[in-house]
Amino acid sequence: MIVFNNTTMMMRTLFKRDWIKFIFWIIALIAFAASGVGKLEAAITPVNQASMYSLFNGPALVSLFGPTLVTVPKQFTGAAAFGSLMPLITVMVFAIITIIYVINRTRKDEEEGISELLRSFQIGKLANTTSLVVELFVLQLFMTFALAGSIQAQGAPGMGIFTDNLLFAATITSQSFMWGMLALLLAQIFPESGSAKGNAIGLFFILYIIRMGTDISNGSLSWLNPLSWCYLTGVYVEDNWLPIVLTLALSLFALIISYILELKRDLAAGYIQETRGKAHAGRLLHNFTGLVFHQQRTSIFVWILGLFVLGITYGSMTDKIGSLVGGASKNNYVTKILSITSTTNSALMEQEFLGTVFLVVALISSCFAIASLFRMISEERKNRQEQIYSMPISRFKVYINYVGIAWGLGALAQFSGIFGLYLSQQSSSNAISANKIFESGLVWVFGIFFILSLLSLLIAFLPRSASLIWVYMAVAFFIGIIGKLLDFPNWVLNINIFNDLMKVPSLSVMPNTPNWPVVIFILLVTLLFTVIGFVGYHRRDLISE
């Protein structure tokens, strides 16, 4: 068919363009998903099997990673724990990577004129999309066998059957492919690549928040959530391939709809039309600060509201945490993760749970703040900063506005999540006071500021590699969420800047007590990095695509 003309040539072109990215993609997946193989086997012994089962079945871990399908504590092995812990957290990272990649190679290429140039030759209207889909599918298929082979080679107890390891890998890669196809569908609907990315990632987190509620209240409803399919396979327990079939079926459906929509739309246009601007600029656009805010007004509303809802969702779970107290103090690994002792009561358990919530909210807020500061480099790549500098605006003003607004939005996002948490947990029998919860929760803002200072350095000295900050975020997310569970050494845990913001709980130190000397030191380093970033940005030339 003419719409698929020269698809093979487009596949070769795409592979030449992205083969280095594919290599790093494969290495990152194997390093991320297979790093915990075998470590949970040492954590779960016949002595502590029941308490570990209670931990993984408790609301804290269920809300983060989904439920385990093991029904009898004696059957809860290291392999079963790995199969319930790793799928969702891995999908969270690599689905977002796929969303960004797919939209960049479709709608963003259209906006930059690449697709128009290609279509001036004898290339079908669906050739680029088809080459992307085929290449992405082949990549995910290759990663499935590579990841399964990596797990198989480690020879961990309970993980010696290759089909089980293949199911685990397919769970992750099929979800990644599905989110790529959903991103492709949204790319046809929305007017530009930025809104398509934002709505695709927003859809992911909406489904994540919904599954938190259904997994705790009514697990059968989780089957209606495509994101939940990644752990409903029950890998190493039930080994159910049906969720994989459902995932691929939804992917095919999204692809077919995307084809239909793309054939009927104009190049670089979406079905949702861009809103017409006002005839005269409002007061917000009378200065550069207002312009930067105006560019992000929609994403600010969506992110702040989403974090508020996330805080409410987590806050509603605090009263259930006390159910973990019984028998938990007998488990060394539970003690290490939750920092509890034999005298721990449900109120202390709730505060330890809130520490985990603060971390999750801080990580998500960091992503929002990074996206805000990233606009500085994206505008530069599109040659829009040249228009700004043609006016009497200094580099200092541009730098301080983008950095200051990113800092402010990161702090606002963290506050929004904590405020929702505070309101929701007021119904708990051990409700925590506003002073305590805001003092403990807002300290995490300094970790967000540090991450933004790292991005400032990248923008100043390695502007074309500024995306490396997302690598750090993936590592920080992995270490922060399950680093203690996998018994990582302290030097690895300290890679995550959020690790030392709080004092280690003890008989004399309450949970979520800020470690102020460390916090002040981090703030000083943050300010130093930010200043160095400005010096580097002030001296370098502007870049473009």
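Rules used throughout
- Residues numbered from 1 in each chain as written.
- Predicted model: local features only at pLDDT ≥ 70, side-chain atom pairs only at ≥ 80, totals over all residues.
- Heavy atoms only, no water.
- Helix = DSSP H or I, 4+ residues; strand = E, 2+ residues; numbered from the N terminus.
- Rg over C-alpha atoms; globule rule 2.2 N^0.38 Å.
- Buried < 20%, exposed > 50% of the residue type's maximum accessible area, 1.4 Å probe, protein only.
- Areas by Shrake-Rupley, 256 points an atom, 1.4 Å probe, with all protein chains shown as cover.
- Axes fitted to C-alpha atoms, helices over the stretch in contact; angles between N-to-C directions.
- Parallel < 35°, antiparallel > 145°, perpendicular 65-115°, else oblique.
- Left-handed = near helix turned anticlockwise from the far one by under 90°.
- Nonpolar A, V, L, I, M, F, W, Y, C, P; charged D, E, K, R; others polar.
- Expected span 1.5 Å × (residues − 1).
- Bend = angle between axes of the 7 residues up to and from the residue.
- Contact = heavy atoms within 4.5 Å.
- Phe/Tyr/Trp six-rings, centres within 6.5 Å; stacked < 30°, edge-to-face > 60°.
- Lys NZ or Arg CZ within 6 Å of the ring centre and 35° of its normal.
- Patch = residues over 30% accessible without salt bridge, like charges linked within 9 Å, V, L, I, M, F, W, Y side chains within 5 Å.
- Salt bridge = Lys/Arg side-chain N within 4 Å of Asp/Glu carboxyl O.

> Got a sec to walk through the overall build of the protein chain? Specific residues and values, please.
The secondary structure content of the protein chain amounts to 22 helices and 0 strands. Expected size for 545 residues packed as a compact globule is a radius of gyration near 24 Å; at 24 Å, the protein chain falls within 12% of this value. Counting all 545 residues of the protein chain, 53% fall into the buried class. For the protein chain, the accessible area works out to roughly 23800 Å², and carbon and sulfur atoms hold 66% of it.

> Give me the environment of Ser-467: which residues, what numbers.
Tracing the backbone shows Ser-467 in the loop between helix H19 (445–461) and helix H20 (468–482). Assessed through its relative accessible area of 38%, Ser-467 is described here as partly exposed. As for Ser-467 and Trp-491, which are separated by 24 residues in sequence, their C-alpha atoms are 24 Å apart.

> Tell me about the packing of helix H1 (residues 7–33) against helix H7 (residues 127–154), residues and numbers included.
Remark: H1 packs on H7, axes separated minimally by 9 Å, with the N-to-C direction vectors making an angle of 30°. Taken together, H1 and H7 sit at an angle that is classed as roughly parallel. Once H1 is placed against H7, the crossing between them reads as right-handed. Taken together, the residues of the contact of H1 with H7 sort by class into 19 nonpolar, 6 polar and 1 charged.

> Quick one: what's the story with H1, residue by residue and with numbers?
For H1, which comprises 27 residues, the first-to-last C-alpha distance of 33 Å sits more than 12% below the rise-based estimate of 39 Å (1.5 Å per residue). Along H1, the helix axis deviates most sharply at Asp-18, where the bend reaches about 60°. Tucked into the core, H1 has its buried residues touching helix H5 (78–111), helix H6 (114–119), H7, helix H8 (162–189) and H20.

> Which residues make up the packing of aromatic side chains, and what values go with them?
For the structure on display, the rule yields 27 aromatic pairs. Look at Phe-32 and Phe-94: their rings are 5.9 Å apart centre to centre, the planes differ by 80°, and that puts the pair in the edge-to-face class. Taken as a pair, Phe-32 in helix H1 and Phe-94 in helix H5 lie far apart in primary sequence, 62 residues in all. Geometry around Tyr-389 places Arg-395 over its ring, the cationic atom sitting 5.5 Å from the centre.

> Report on a nonpolar patch on the surface, specifying residues and quantitative values.
A surface patch of nonpolar side chains, amounting to about 580 Å² of accessible area, comprises Val-134, Phe-137, Val-138, Leu-141, Phe-145, Phe-162 and Leu-248. It is H7 that provides the largest number of residues to the nonpolar patch, a total of 5 residues. Looking at the element boundaries, Val-134 is found in helix H7. Classification of Val-134 by relative accessible area gives partly exposed; the value is 32%.

> A description of the side chain of Thr-68 should follow, citing residues and the corresponding values.
With respect to the element layout, Thr-68 can be found in the loop between helix H4 (59–65) and H5. Excluding anything up to four places from it in sequence, Thr-68 contacts Tyr-53, Asn-57, Phe-76 and Ser-84.

> Mind laying out the pattern of salt bridges, listing which residues take part and the relevant values?
Counted according to the given criterion, the structure contains 7 salt bridges. Asp-215 is the salt-bridge partner of Arg-211, the closest N and O atoms lying 3.0 Å from each other. A residue pair is termed a helical-turn pair when its members lie 3 or 4 positions apart in one helix, as Arg-211 and Asp-215 do in helix H9 (residues 193–217) at 4 residues. Assigned by exposure class, Arg-211 and Asp-215 land together as buried. Members of the salt-bridge network, linked through shared partners, are Arg-107, Glu-110 and Arg-265.

> For unusual backbone geometry, give the residues involved together with the corresponding values.
A positive phi angle is found at Asn-6, which is not glycine, with a value near 65°. Within the secondary structure, Asn-6 is located in the segment before H1. You will see that Asp-239, though not glycine, has its phi angle at about 50°, which is positive. As for its position among the elements, Asp-239 is in the loop between H9 and helix H10 (242–264). Residue Asp-239 is classed as partly exposed on the basis of its relative accessible area of 25%.

> Got a sec to walk through the side chain of Ser-416? Specific residues and values, please.
In this structure, Ser-416 sits in helix H17 (residues 395–425). With sequence-adjacent residues up to four places away left out, Ser-416 is seen in contact with Ile-304, Leu-307 and Phe-308.

> Can you tell me about the packing of H17 against helix H22 (residues 516–539), naming the residues and giving the values?
It is the contact of H17 with H22, at a shortest axis distance of 10 Å, that shows an interaxial angle of 145°. The element H17 and its partner H22 pack so that their crossing is right-handed. Contact residues: Arg-395, Phe-396, Val-398, Tyr-399, Val-403 and Trp-407 in H17; Thr-526, Leu-527, Thr-530, Gly-533, Phe-534, Tyr-537 and His-538 in H22. Partitioned by chemical class, the residues of the contact of H17 with H22 number 8 nonpolar, 4 polar and 1 charged.

> For the environment of Ser-217, give the residues involved together with the corresponding values.
Structurally, Ser-217 is set in helix H9. For Ser-217 and Tyr-537, which are 320 residues apart along the polypeptide, the C-alpha to C-alpha distance reads 51 Å.

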